[in-house]
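# Structure assessment
Chain residues, written in single-letter form:
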Amino acid sequence: MSEITEKIKQELLVRCEKSKAKDGYDFWNEHIKYVVENAVKLATEYGADVEIVELGALLHDIAMPSEYGEREQHHIYGAEIAEQLLSKLGYPEERIEKVKNCVLNHRGSKDRPRNTIEEQCVADADVIAHFDCIPSLFSLVYKDMNLSISDGTEYVRKKLERDYNKLSPRTRKILEDRYKNITEVLFVN
């Protein structure tokens, strides 16, 4: 981890702790740390710029624990926050743009194009994180959405299926066996 990524991580952790104290959801431990870990792994494997990818992964959801803007537009607000934080730290403008694009284009539900391998690494890592912390998906459906067991199970099954299908073909191949194993264990046909 470079000095700049460490500073961004520390800022993010502060925001995550404040958010957790307020509403109980731990953005860092239940999602972001998995995104960062997977993004760095993909960047290394795919020959991407690891620092850009790591920063993009750290900042991809920063608007949510920052409680900045509407949740549905967190990718847009997150890019604004990323620019502010990185500019304040003197990060080069052309690299800020690359990080911002990783944040802007990480959401599979928005069907935004991923124009660089760095953007694809962050987007794929965001999806893989859902497979790393499946209990958080069940918490969402049963605690937050108050669904029945069968409706919640179906929601999670469909979510994981949609997520898997959003992956780039290369990453989908890497996750294929894991996806099959998870779905066979969790969802009896």
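The structure presented is a predicted model; accordingly, all values stated were derived computationally and were not measured.

### A look at the overall build of the chain
Of the regular secondary structure elements, the chain holds nine helices and zero strands. Mapped from its N terminus to its C terminus, the chain presents α and β elements in the order α-α-α-α-α-α-α-α-α. The C-alpha atoms of the chain give 16 Å as radius of gyration, which agrees with the globular expectation for 189 residues (16 Å, within 12%). In terms of overall dimensions, the chain has C-alpha extents of about 55 × 40 × 25 Å along its principal axes. Across the 189 residues of the chain, 47% fall into the buried class. The contacts in the chain between residues at least 6 apart in sequence include a share of 62% that link residues at least 24 apart. Entry remark: accessible area of the chain is about 9,700 Å², with carbon and sulfur atoms responsible for 49%. Looking at the chain, you have 28 positive and 35 negative side-chain charges, and the mean spots of the two groups are 2 Å apart.

### Details of the packing of aromatic side chains
Taken as a whole, this structure holds five aromatic pairs when the rule is applied. With 4.8 Å between their ring centres and 85° between their planes, Tyr25 and Phe27 make a pair best called edge-to-face. Since its relative accessible area comes to 30%, Tyr25 is described here as partly exposed. Classification of Phe27 as buried rests on a relative accessible area of 6%. Their ring planes at 85° and their centres at 5.4 Å tell us that Tyr68 and Tyr77 sit as a pair that is edge-to-face. The class for Tyr68 is partly exposed, based on a relative accessible area of 34%. Classification of Tyr77 by relative accessible area gives partly exposed; the value is 23%. Each member of the aromatic cluster is reached from another via a ring pair, and the members are Phe131, Tyr164 and Tyr179.

### Looking at the pattern of salt bridges
Applying the stated criterion across every chain yields a total of 16 salt bridges. Ionic pairing is found between Asp132 and Arg178, a salt bridge with its closest N-O pair at 2.6 Å. In this pair, Asp132 sits in helix α6 (residues 117-132) while Arg178 sits in helix α9 (residues 169-186), placing the two residues 46 residues apart along the sequence. For Asp132, a relative accessible area of 23% puts it in the partly exposed group. The class of Arg178 is partly exposed, set by a relative accessible area of 32%.

### Notes on the nonpolar core
The nonpolar side chains of a soluble globular protein tend to be buried, and buried together. Residues Leu59, Leu86, Tyr91, Phe131 and Leu160 are the most contacted members of the largest nonpolar core, which totals 55 residues. Per-element accounting of this core gives the leading share, ten residues, to helix α2 (residues 27-46).

### Observations concerning the state of the cysteines
Per the stated rule, a full pass over the model turns up zero disulfides. Unpaired in terms of disulfides, Cys102 finds its nearest cysteine sulfur in Cys121, a separation of 8.2 Å. Its relative accessible area of 0% is what places Cys102 among the buried residues. With no disulfide of its own, Cys133 has Cys16 as its nearest cysteine by sulfur position, at a separation of 13 Å.

### As for helix α7 (residues 134-144)
Residues of α7 that are buried: Ile134, Ser136, Leu137, Phe138 and Val141. Those residues of α7 hidden inside the fold are in contact with α2, α6, α8 (149-166) and α9. Phi for Asn146, located one or two positions after α7, is positive at around 55°.

### Some thoughts on the confidence of the model for the chain
Summarising the model, the chain shows a mean pLDDT of 93, and 97% of its residues fall at 70 or more. When pLDDT is averaged over each element of the chain, helix α3 (residues 50-59) comes out on top at 98 and α7 at the bottom at 90.

About the thresholds
Residues numbered from 1 in each chain as written. Predicted model: local features only at pLDDT ≥ 70, side-chain atom pairs only at ≥ 80, totals over all residues. Heavy atoms only, no water. Helix = DSSP H or I, 4+ residues; strand = E, 2+ residues; numbered from the N terminus. Rg over C-alpha atoms; globule rule 2.2 N^0.38 Å. Buried < 20%, exposed > 50% of the residue type's maximum accessible area, 1.4 Å probe, protein only. Contact = heavy atoms within 4.5 Å. Areas by Shrake-Rupley, 256 points an atom, 1.4 Å probe, with all protein chains shown as cover. Lys, Arg positive; Asp, Glu negative; His and termini not counted. Charge placed at Lys NZ, Arg CZ, Asp CG, Glu CD. Phe/Tyr/Trp six-rings, centres within 6.5 Å; stacked < 30°, edge-to-face > 60°. Salt bridge = Lys/Arg side-chain N within 4 Å of Asp/Glu carboxyl O. Core = buried A, V, L, I, M, F, W, Y, C linked by side-chain atoms within 4.5 Å. Disulfide = S-S within 2.5 Å. pLDDT = per-residue confidence, 0-100.

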